[in-house]
Amino acid sequence: MAELRLSFIEDGHEKIIVADKDEFIIGRFPDCDLQLSYSGISRYHCRLLKMANGDWEIEDRGSKNGTILNNKLIKSKEKLKQGDAIKLDNITISVSVTTPAAFLNPDMTLIGSVEAFQKQWIEAKTKKLEMKSGQESLNNYNTAIDRLQYLVEIAKLLSSAESIEEIFARVKEIILRELPMLDRLALLVDVEGNGNLKLMDATLKGVATKNKLSSDLSWISKTIVEMVFTKKVAIKTADAQADSRFEGGMTIVSKGIRSALAVPLLDKNQIFGILYGDALISHDNWQRGGDEDLSFFSAVGNLLASSVQRWLLSRKLRGEEIMRQRLERYHSPAIVQQLLKSGLSDGRLTPIEADISIMFADIVGFTALSERLSPAKIAKLLNNLFEEMLREIFKVGGTLDKFIGDCIMAFFGAPEPQDDHAERAVIAAKRMLDRLRVLNENNTLGENIQLRISINSGKAVVGDVGSSQRVDYTVLGPTINLAARMEAICPPGHCVISENTYKLLRSDFELELMGEHRFKGISRMILVYKIKN
């Protein structure tokens, strides 16, 4: 006896209804077994009748717009078959006729390693040809040859595919053509390598090909996918609902999944994706075996794995290059390399609280200078100066925050923790002033430039801050605000440090106490020191 399932798309979602009565009414009224509230559908539009032999028929109930079966208006009772399409107004209903579990072969599910099924496909063909004769043997032989040719064709197509969409497009047509029992096909990939599968692409055969499948994996059997992913096995089942190993699979029941194929995508022994296909009916040939279909599916999965792995590697390299270019704006090459080796979550440096020393280095008299020089000369002067000063900052492992007009804002102690961040900041400041004296003596910059440098130490929030369009690696907090204020009391050509920085110094720098100072926005008095040149 056959079970009737009706599937259709409504409000962008696939719905599956089981005809659970021998007379099943479809119409617009609430008391219909399937209510479709559309103006073009009559109150009691049509009915489905279960016959004594278990077959189903459809009959129009005198509806205004009629009932269309497989693009033809029905005028009398018509027998329903697997794959029929019923059209009522703008709704197209796909018919699935399934075999109840009681009539199924208990050995209708195959679970095993991908390698075994791929090897079995070649060996089994030879053995079957020896056991069989005549037309059946010839058909099997021709099928095997055709599928080998398909694999060669897929391999050629995949070799030139670059995007993940292009990779999937190259295989889906051949798979659905060679395995017509599948209704849906999906490619799932662990893109980030954290065990979370993401639906990269999917296709739906039949009446709903123009409708997109949900990207949240809700229509895919979680039970089957988890078994493939955790045990690294290939699965073929003729009726997942009748197999005790899939008990508790809510998606299998709610979405009406019967037949399914799923194989892992492997790199050596590491799984990074799954090729998945399913159908809403149970297929007779899979109840009696179907191992050659799983073997073919596994072979395709093996070819697909190589292309997906190549795409993942290319994606990783592109991401690293983009990240390297971003990091090189702020960090020395050595720190950039270290950060890339450690790995970055979603390509960002998550904001954290850290102990740092912050430095501001500002050009003395820049306003007067900019009035005297042309914009082009000012830009050239700043570029040359910043290049020289940044070199000294990077030498001691400092990080550039940003250029604020004529000011350099840099910090020490992040992203990699540095116990001696205060020492590094002072050393960098002294070297910057020494280097600037040499540049002035040689008239390298074309102008006599003086800097004011201020340094403060303490806790700050450090990390990527910004919007989805633009992100900057920066530091935030009162520690930064105080350092910016201190710059105003720094004599030209010198560097001043706060008491916090002074207490963290390990070396004996020559310092001069400048006394306590009050700064705008800070309630307490701040003890300030000047570094002797």
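Residues numbered from 1 in each chain as written. Predicted model: local features only at pLDDT ≥ 70, side-chain atom pairs only at ≥ 80, totals over all residues. Heavy atoms only, no water.

Draft legend 1. Summary view of unusual backbone geometry. With omega at 5°, the peptide bond leading from Ala414 into Pro415 counts as cis. You can see Pro415 is positioned in the loop between β20 (407-412) and α11 (421-441). The phi dihedral of Asn70 falls on the positive side, at around 55°, and the residue is not glycine. Among the secondary structure elements, Asn70 is positioned in the loop between β7 (68-69) and β8 (72-73). (Helix = DSSP H or I, 4+ residues; strand = E, 2+ residues; numbered from the N terminus.)

Draft legend 2. Region of interest: a nonpolar patch on the surface. On the surface, Val461, Val465 and Leu476 cluster together into a nonpolar patch covering about 210 Å² of accessible area. Residue position: Val465 is located in strand β21 (residues 451-466). (Patch = residues over 30% accessible without salt bridge, like charges linked within 9 Å, V, L, I, M, F, W, Y side chains within 5 Å. Areas by Shrake-Rupley, 256 points an atom, 1.4 Å probe, with all protein chains shown as cover. Salt bridge = Lys/Arg side-chain N within 4 Å of Asp/Glu carboxyl O.)

Draft legend 3. The arrangement of the pattern of salt bridges in detail. Within the structure shown, the criterion is met by 20 salt bridges. Salt-bridge contacts for Lys21 lead to Asp33; the nearest nitrogen and oxygen are separated by 2.9 Å. Linking Lys21 in the loop between β2 (13-18) and β3 (23-27) with Asp33 in the loop between β3 and β4 (34-35), this pair joins segments that are 12 residues apart in sequence. For Asp33, a relative accessible area of 26% translates into the label partly exposed. (Buried < 20%, exposed > 50% of the residue type's maximum accessible area, 1.4 Å probe, protein only.)

Draft legend 4. Up close: the state of the cysteines. All chains considered together, the criterion is met by 0 disulfides. Between Cys490, a free cysteine, and Cys495, which holds the nearest cysteine sulfur, the sulfur-to-sulfur gap is 6.4 Å. Looking at Cys495, the relative accessible area reads 2%, which means it is buried. (Disulfide = S-S within 2.5 Å.)

Draft legend 5. Fine view of helix α3 (residues 164-178). Between its first and last C-alpha atoms α3 spans 22 Å; for 15 residues at 1.5 Å apiece the expected length is 21 Å, and the two agree. Of all the bends in α3, the greatest measures close to 25° and is centred on Val171. Among all positions of α3, only Ile164, Ile167, Phe168, Val171, Ile174, Ile175, Leu176 and Glu178 are buried. (Expected span 1.5 Å × (residues − 1). Bend = angle between axes of the 7 residues up to and from the residue.)

Draft legend 6. Main features of the pairing of β20. When you tally the buried positions in β20, you get 6 out of 6 residues, the bulk of the element. The alternating pattern of β20 places Cys407, Met409 and Phe411 and Ile408, Ala410 and Phe412 on opposite faces, both of which are buried. Looking at chain direction, strand β18 (residues 352-363) and β20 are connected through 6 bridges and run antiparallel. Directly across from Phe360, in β20, lies its bridge partner Met409. (Pairing = 2+ DSSP bridges.)

Draft legend 7. Local environment of the sheet that holds strand β5 (residues 46-50). Read across the open sheet, the 5 strands follow the order β4-β3-β5-β6-β9; overall the sheet is mixed. Edge positions in the open sheet fall to β4 and β9 (78-79), since each of these has one partner strand only. Here strand β6 (residues 56-60) runs beside β9; their pairing, made up of 2 bridges, is antiparallel. In the strand pairing of β9, Glu57 is matched with Lys79.

Draft legend 8. Expanded view of the packing of aromatic side chains. Evaluation of the coordinates by the stated rule reveals 4 aromatic pairs. Where Trp219 meets Tyr276, the ring centres are 6.4 Å apart and the plane angle is 70°; that geometry is what we call edge-to-face. Placement of the pair is Trp219 in the loop between β14 (198-204) and α4 (222-231) and Tyr276 in strand β17 (residues 270-279), with a sequence separation of 57 residues. The class of Trp219 is buried, set by a relative accessible area of 3%. Taken together, a centroid distance of 4.2 Å and an interplanar angle of 15° make the contact between Tyr502 and Tyr529 stacked. In this pair, Tyr502 sits in helix α13 (residues 499-504) while Tyr529 sits in strand β25 (residues 526-531), placing the two residues 27 residues apart along the sequence. Relative accessible area serves as the criterion here: at 37%, Tyr502 is assigned to the partly exposed category. (Phe/Tyr/Trp six-rings, centres within 6.5 Å; stacked < 30°, edge-to-face > 60°.)

Draft legend 9. Just the confidence of the model for the protein, in detail. Per-residue pLDDT for the protein averages 81, and the proportion of residues at 70 or more is 77%. Long-range and interchain partners of residues 100-107, a stretch whose pLDDT sits below 50, account for 12 contacts in this model, where long-range means more than four residues apart. Considering only residues more than four positions removed or in separate chains, one finds that residues 121-138, a stretch of pLDDT under 50, has 20 contacts. (pLDDT = per-residue confidence, 0-100. Contact = heavy atoms within 4.5 Å.)

Draft legend 10. Structural context of the nonpolar core. Counting residues in each nonpolar core, the largest one holds 41 residues, and the members touching the most others are Met359, Ile393, Ile453 and Ile455. Elements that contribute at least two residues to this core include exactly β18, α9 (366-372), α10 (375-395), β20, α11, β21, β23 (494-498) and β25. In contact with Met359, not counting residues within four places along its chain, are Ile393, Ile408, Met409, Ala410, Phe412, Ala425, Ala428, Ala429, Met432, Ile453, Ser454 and Ile455. With 29 residues, the next largest nonpolar core counts Ile167, Met200, Leu275 and Val308 among its residues. (Core = buried A, V, L, I, M, F, W, Y, C linked by side-chain atoms within 4.5 Å.)

Draft legend 11. Molecular detail of α4. Of the residues making up α4, those classed as buried are Ile224, Val225, Met227, Val228 and Phe229. Just downstream of α4, Lys232 is the residue with a positive phi angle, here 55°.

Draft legend 12. Structural context of the side chain of Gln418. Take Gln418: it is sitting in the loop between β20 and α11. For Gln418, a relative accessible area of 10% corresponds to the buried category. In contact with Gln418, not counting residues within four places along its chain, are Val396, Gly397, Phe412, Gly413 and Arg424.

Draft legend 13. Quick peek at the pairing of strand β13 (residues 184-189). With 6 of 6 residues buried, β13 is to be regarded as a mostly interior element. Burial along β13 is two-sided: Arg184, Ala186 and Leu188 facing one way and Leu185, Leu187 and Val189 facing the other are all buried. Here β13 runs beside β14; their pairing, made up of 6 bridges, is antiparallel. Its bridge partner being in β14, Arg184 is matched across the sheet by Leu204.

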